Amino acid sequence: MSRTKLALAALALTALALTGCSPKKADTPAAALPDAKQLLAEGTAAMAQVTTAHFVIDVDGKISGLSLKHADGDLTAKGEAAGTVKIEQFGTLVEAKFVIVGTSAYMQGPTGKYLEFPLATAASIYDPSAILDPQRGVAKVLSTVKSATTEARETVDGHDSFKVKVEPDQAALAGLIPNAPAGVTGFLWLDAATKQLVKGEFNLPASGSDPAGKVTVEFSKYNDPVTVTKP
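Structure report, in brief. (Residues numbered from 1 in each chain as written. Predicted model: local features only at pLDDT ≥ 70, side-chain atom pairs only at ≥ 80, totals over all residues. Heavy atoms only, no water.)

Moving on, we come to the environment of aspartate 133. Along the chain, the position of aspartate 133 falls in the loop between helix H3 (119-122) and helix H4 (138-143). Here the alpha-carbon distance between aspartate 133 and lysine 78, two residues 55 residues apart in the chain, equals 7.8 Å. (Helix = DSSP H or I, 4+ residues; strand = E, 2+ residues; numbered from the N terminus.)

Structure below.
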């Protein structure tokens, strides 16, 4: 055998050996995955019991009537919240701090003091106080999903989670994503042990002049101590 053929044979054997030794992700058989309807029912019950959480929301794209691009902070089931937001104004991204206590919202721009607004007015930008409200927030979204399928078991942010493909109810989704168009689909990752929502991805179809986009929500630090005070 020529040197060229010997070299090619060696390469082929090496490739086979590497292929055989390379690690593979162990997929959970579909039959072994829990029923999506049962998962969402357990998730609804779990989220209704949450007292506090840390949240992160990112909006990739444009939703008419919603200037929010990013928000993160801590919130309580009583509707108190504090954190930061990034809002698009006249094509410019503006960052601000926010605090929500009772029926008042306080906003502080890059410079200056906190300004007080009625919560109803601030909600035109975004109302994070709705997130843990069982009648308006995450629990409502989980309990009203129109269709769902458990697709996989994955690790998300260190959490062993079940990935569920969903078609959420448009009216219920408004508590998380105001003015979201009809036809939204997405994925929810529920913690395998607690059934609390770890992450959600919502794909927004094109609507009117708004192109297709995506909204991502992430939650952590469930039931950790949170104190929100008037600035």
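Counting residues in each nonpolar core, the largest one holds 51 residues, and the members touching the most others are Met47 and Ile131. Those residues in contact with methionine 47 that lie beyond four places of it in its chain are Leu132, Val138, Ala139, Leu142, Gln196, Leu197 and Tyr222. (Core = buried A, V, L, I, M, F, W, Y, C linked by side-chain atoms within 4.5 Å. Buried < 20%, exposed > 50% of the residue type's maximum accessible area, 1.4 Å probe, protein only. Contact = heavy atoms within 4.5 Å.)

Here the focus is the layout of surface pockets. Vacant regions in the atomic arrangement are exposed by a probe of water-molecule size rolled over the atoms. Of the voids in this model, the largest pocket is the one considered here, and its volume is about 240 Å³. As for the largest pocket, its lining consists of 14 residues, and the residues nearest its centre are Gln89, Ala96, Met107, Phe117 and Ile125. Considered class by class, the residues forming the lining of the largest pocket number nine nonpolar, four polar and one charged. (1 Å grid on protein atoms, 1.4 Å probe; cavity = no way out; pocket = protein on both sides within 12 Å on 5 of 7 lines; lining within 4 Å. Points joined across faces, edges and corners; volume = space filled by probe spheres on them. Nonpolar A, V, L, I, M, F, W, Y, C, P; charged D, E, K, R; others polar.)

So, on to empty space enclosed by the protein. Evaluated as defined, the whole model comprises one cavity of 30 Å³ or more. The volume enclosed by the largest cavity comes to roughly 130 Å³. If you trace the largest cavity, you find it lined by Phe55, Ala71, Val85, Phe98, Ile100, Ala105, Met107, Leu119, Ala122, Ile125, Tyr126 and Pro128. Broken down by secondary-structure element, the contributors of at least two residues to the lining of the largest cavity are strand E4 (92-101), strand E5 (104-108) and H3.

With respect to the helices and strands, threonine 229 occurs in the segment after strand E11 (213-220). Note: C-alpha distance between threonine 229 and alanine 81 (148 residues apart in sequence) is 9.1 Å. Sequence-distant contacts of threonine 229, defined by excluding residues within four places in its chain, comprise Val99 and Val101.

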